[in-house]
Amino acid sequence: ELKNGNIFYQEFTSDNPIGQIVVLVHGFSTPSIVWKGIVPFLTDAGYDVVSYDHYGRGFSARPKVDYTKDFYISTLLELIDYLKIEQKVHLIGYSMGGPIVGYFANENPNKVESVNFIAPAGYMFKRKSQSNIYLKILNIPFVTKYISIVFPSLMYGGSSSIKLSTEEDENRLSQDELNKIYKEQMKYEGFTRSLISTAKNFNLFNTQEMYQQLGKKRINASVIWGNVDEIVPFDGLTYLKGDYPNINSEVIDNGHHDITYASPSIVGKFFCEQLKNFSNNE
């Protein structure tokens, strides 16, 4: 139990721990189940892992608050303090989780060993028309019921349901499990409210200034992105590399926005390699 209600989290311990901790921060609407295929790679490499559901998602509470960036940052800090983690942690943020871990690292650099991104939000200013459409829809009172049905899908490409882009990875999250978890969380009052509040109160379309400030701190960093990402434009990688000159990057050819759970073998191996290199460079 944290200040704003119960947070659902999981701890995964390595059988051969190296004494380092990775904290996984998921994106806009799909909860921490997205990390299922990646966690084994991290624990096999010796890392202890923590994942959690944001407030309003998954099995966490749905407080009636403004879902601002400061709300997400303070929640992450509160969870780390609750778990009595005193050492620096490796952060991995997926999609909306990218700006969350970026802002967190900017404000708490003494708590961060490295900051790592998967198709991070924040470089979508090239698509102002798209963002304006969302915000206009959100501010029309009589379409609230429509929003409650369609909004989660709007933010994931406009399809009627979330479909895995590939079935090539044997460690991928199954389509059935993804659908089950997503539909389950939609049953609980407050899920859609949390999404709408986040869209209104957390500028996910342009967080470039944050990345620029973070780049100046020279914290170890890496990013992986699919080059056919249909949600967070792939050209954001060019901007990010300019704002964060020492960031290590990898591109997944034909990778969509769902690479975290559709291609966990590639993503998991990439981060294991990056985190190991960060340790070796110290």
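About the criteria used
- Residues numbered from 1 in each chain as written.
- Predicted model: local features only at pLDDT ≥ 70, side-chain atom pairs only at ≥ 80, totals over all residues.
- Heavy atoms only, no water.
- Helix = DSSP H or I, 4+ residues; strand = E, 2+ residues; numbered from the N terminus.
- Buried < 20%, exposed > 50% of the residue type's maximum accessible area, 1.4 Å probe, protein only.
- Contact = heavy atoms within 4.5 Å.
- Areas by Shrake-Rupley, 256 points an atom, 1.4 Å probe, with all protein chains shown as cover.
- Phe/Tyr/Trp six-rings, centres within 6.5 Å; stacked < 30°, edge-to-face > 60°.
- Lys NZ or Arg CZ within 6 Å of the ring centre and 35° of its normal.
- Lys, Arg positive; Asp, Glu negative; His and termini not counted.
- Salt bridge = Lys/Arg side-chain N within 4 Å of Asp/Glu carboxyl O.
- Polar contact = N/O pair within 3.5 Å; in protein donor to acceptor, adjacent residues only side chain to side chain.
- Expected span 1.5 Å × (residues − 1).
- Pairing = 2+ DSSP bridges.
- Axes fitted to C-alpha atoms, helices over the stretch in contact; angles between N-to-C directions.

Chemist: Which parts of the structure should I look at to understand the overall build of the protein?
Modeler: Summing up its helical and strand segments, the protein has eleven helices and seven strands in all. Looking at the protein as a whole, 55% of its 282 residues are labelled buried. Long-range contacts, defined as pairs at least 24 residues apart, comprise 81% of the intrachain contacts of the protein with a sequence gap of at least 6. On the protein, roughly 12,700 Å² of surface is accessible, and the fraction owed to carbon and sulfur atoms is 48%.

Chemist: Would you take a moment to explain the packing of aromatic side chains for this structure?
Modeler: How two aromatic rings sit relative to each other is given by the distance of their centres and the angle of their planes. The tally for this structure, following the rule as stated, stands at 13 aromatic pairs. Residues Phe8 and Phe59 carry aromatic rings whose centres are separated by 5.2 Å and whose planes lie at 70 degrees to one another, so their mutual orientation is edge-to-face. Of this pair, Phe8 sits in the segment before β1 (9-12) while Phe59 sits in the loop between β3 (48-52) and α2 (69-82); the two residues are 51 residues apart in sequence, bridging distant segments of the chain. Here Phe8 falls in the partly exposed class, since its relative accessible area comes to 26%. With 5.0 Å between their ring centres and 15 degrees between their planes, Tyr123 and Tyr211 make a pair best called stacked. On the criterion of sequence distance, the pair formed by Tyr123 in the loop between β5 (112-118) and α4 (128-138) and Tyr211 in helix α8 (residues 208-217) is long-range, its members being 88 residues apart. Classification of Tyr123 by relative accessible area gives buried; the value is 0%. Judged by its relative accessible area of 0%, Tyr211 falls in the buried class. Members of the aromatic cluster, joined through ring pairs, are Tyr55, Tyr67, Phe71, Tyr72, Tyr103 and Phe202. Here the guanidinium or amino end of Lys69 rests over the ring plane of Tyr103, the centre of that ring lying 4.6 Å away.

Chemist: Mind showing me how you'd approach the environment of His26 here?
Modeler: If you trace the backbone, His26 turns up in the loop between β2 (21-25) and α1 (39-44). By relative accessible area, which is 0% here, His26 ends up buried. In contact with His26, other than residues within four places in its own chain, are Pro31, Ser32, Val34, Trp35, Tyr52, Asp53, His54, Arg57, Tyr94, Met96 and Gly97.

Chemist: Would you explain the side chain of Arg62 in this entry?
Modeler: In this fold, Arg62 is placed in the loop between β3 and α2. Buried charge without a partner: Arg62 forms no salt bridge, and the closest opposite charge is Asp53, 6.8 Å away. There is a polar contact of 3.2 Å between the side chain of Arg62 and the backbone oxygen of Gly58. Leaving out residues up to four positions away in the same chain, Arg62 has contacts with Gly56, Arg57, Tyr67, Gln185, Tyr188, Glu189, Gly190, Phe191 and Arg193.

Chemist: How do you make sense of α2 when you look at a structure like this?
Modeler: Think of an α-helix as turning once every 3.6 residues; residues three or four places apart then point the same way. Spanning 14 residues, α2 covers 20 Å between terminal C-alpha atoms, matching the ideal 20 Å at 1.5 Å per step. Along α2, the residues classified as buried are Phe71, Tyr72, Ile73, Thr75, Leu76, Leu79 and Ile80. Lys84 sits one or two residues past α2 and shows a positive phi near 55 degrees.

Chemist: What exactly am I supposed to notice about the sheet that holds β5 here?
Modeler: Either a parallel or an antiparallel arrangement is found when strands of a sheet pair, and the pairing is made through backbone hydrogen bonds. Strands sit in the order β1-β3-β2-β4-β5-β6-β7 across an open sheet of seven strands; the sheet is mixed. Here the strands that pair on one side only, and so sit at the sheet edges, are β1 and β7 (248-252). Averaged over all adjacent pairs, the angle separating strand axes in this sheet is 15 degrees, with direction ignored. Pairing analysis gives five bridges linking β5 to strand β6 (residues 220-226), with the strands arranged parallel. Residue Asn116 lies in a different strand from β6, and its bridge partner there is Ser222.

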